[in-house]
Amino acid sequence: MRLLTKFIAGIVLTATTANAEVINFDSFVPGGFQAGTSGSFQLTAMNAQIEVAGTIPGSATQTFLQNNANALSTLSITRIGGGLFSLTNFLWGFDALGPSNAAVASTVWSGALSETFRPAGAIVDTALTPFAPSGDLNGVNISQLNFTLSNNGGGSFGLDSINLDLVGAATVPEPSSIAFLMLGGAGFWLKRRRQVA
């Protein structure tokens, strides 16, 4: 019986789920950016560029997505092949260029759901800082995520390390049918052994 217990313990496998992904821009070529893929996601941008060691404070060694100056820049994210996901957090920074930046803000949205984010207090140079959804998009499963980066004052936004959780992510299949077959074989072997003895 102890042999059978060890045998069963050896074939019971636990399915694992890898359902979190981080979108960063390290693998993209610096310069204008319109589209690309990152892991399970398709990225589409307008009026945006990949920046290395840009003007965003604290970004001297970081690659990130930046809006074009004085332009409405957008980034749209969907899962390749379709499917749902949720937003956990992202890094956002800002290089302020003048008093008109006092009204600056960016928007994260999906369908009718949206959240506006901005640094706390006065709008000044802001290092890439983690922001997390706390309103409409907090814990909500979506099929498309959009970032709008806009500032008429000429300042630059930086966006990086977008953490997403995949819904219904592919799992490593648990080989239950094989386990049952092996269990049946073990039972048959044990029965035969007892009959011989």
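Residues numbered from 1 in each chain as written. Predicted model: local features only at pLDDT ≥ 70, side-chain atom pairs only at ≥ 80, totals over all residues. Heavy atoms only, no water.

**Q** Kindly report on the overall build of the protein, identifying the contributing residues and their values.
**A** Within the protein, the regular secondary structure consists of two helices and eleven strands. Per-residue burial for the protein yields a buried fraction of 38% across its 197 residues. Partitioning the contacts of the protein with sequence separation of at least 6, the portion at a separation of at least 24 is 72%. Per element, the accessible surface of the protein, about 10800 Å² overall, is 57% carbon and sulfur. (Helix = DSSP H or I, 4+ residues; strand = E, 2+ residues; numbered from the N terminus. Buried < 20%, exposed > 50% of the residue type's maximum accessible area, 1.4 Å probe, protein only. Contact = heavy atoms within 4.5 Å. Areas by Shrake-Rupley, 256 points an atom, 1.4 Å probe, with all protein chains shown as cover.)

**Q** An account of the packing of aromatic side chains is needed here, citing residue identities and associated values.
**A** Inspection of every chain in the model, using the stated rule, returns seven aromatic pairs. Relative to Phe 28, the ring of Phe 25 lies with its centre 6.1 Å away and its plane at 40 degrees, an arrangement referred to as tilted. Exposure class is identical for Phe 25 and Phe 28. Each is buried. A ring pair is formed by Phe 90 and Phe 131, whose centres lie 6.2 Å apart and whose planes are at 15 degrees; its orientation type is stacked. Of the two residues, Phe 90 sits in strand 6 (residues 85–95) while Phe 131 sits in strand 9 (residues 126–131), which places them 41 residues apart along the sequence. By relative accessible area, which is 3% here, Phe 90 ends up buried. Aromatic ring contacts, followed pair by pair, group Phe 90, Trp 92, Phe 131 and Phe 147 into a single cluster. (Phe/Tyr/Trp six-rings, centres within 6.5 Å; stacked < 30°, edge-to-face > 60°.)

**Q** Any chance you could break down the side chain of Ser 110 for me, citing the residues and the numbers?
**A** With respect to the helices and strands, the residue Ser 110 is situated in strand 7 (residues 105–110). Take Ser 110: its relative accessible area is 10%, and that puts it in the buried class. Contacts of Ser 110, omitting those with residues within four sequence positions, involve Leu 137, Ile 142, Gln 144 and Asn 146.

**Q** Summarise the side chain of Asn 146; cite the residues concerned and give the values.
**A** Examined against the element boundaries, Asn 146 turns out to sit in strand 10 (residues 144–150). What makes Asn 146 buried here is its relative accessible area of 7%. Within the structure, Asn 146 has its side chain in polar contact with the side chain of Ser 76 (distance 3.2 Å). The residues touching Asn 146, leaving out its near neighbours within four places in the chain, are Leu 75, Ser 76, Thr 107, Val 108, Trp 109 and Ser 110. (Polar contact = N/O pair within 3.5 Å; in protein donor to acceptor, adjacent residues only side chain to side chain.)

**Q** Can you lay out the confidence of the model for the protein for me, pointing to particular residues and giving the numbers?
**A** Here the protein averages 74 in pLDDT, and 57% of its residues register 70 or above. Within the protein, the element-level pLDDT minimum falls on helix 1 (residues 2–11), averaging 44, and the maximum on strand 1 (residues 20–23), averaging 94. (pLDDT = per-residue confidence, 0-100.)

**Q** Outline the environment of Thr 78, supporting the account with residue identities and numerical values.
**A** Within the element layout of this structure, Thr 78 appears in strand 5 (residues 73–79). On the basis of relative accessibility, which here comes to 26%, the residue Thr 78 falls in the partly exposed class. Not counting residues up to four positions away in its chain, the partners in contact with Thr 78 are Ser 40, Phe 41, Gln 42, Phe 85, Ser 143 and Gln 144.

**Q** Residue-level account of unusual backbone geometry, with values.
**A** Positive phi values are uncommon outside glycine, yet Asn 47 reaches one of about 55 degrees. Relative to the helices and strands, Asn 47 is located in strand 3 (residues 41–52). Here the phi dihedral of Ser 161 falls at roughly 45 degrees; this positive angle occurs in a residue that is not glycine. Mapped onto the elements, Ser 161 comes out in strand 11 (residues 156–166).

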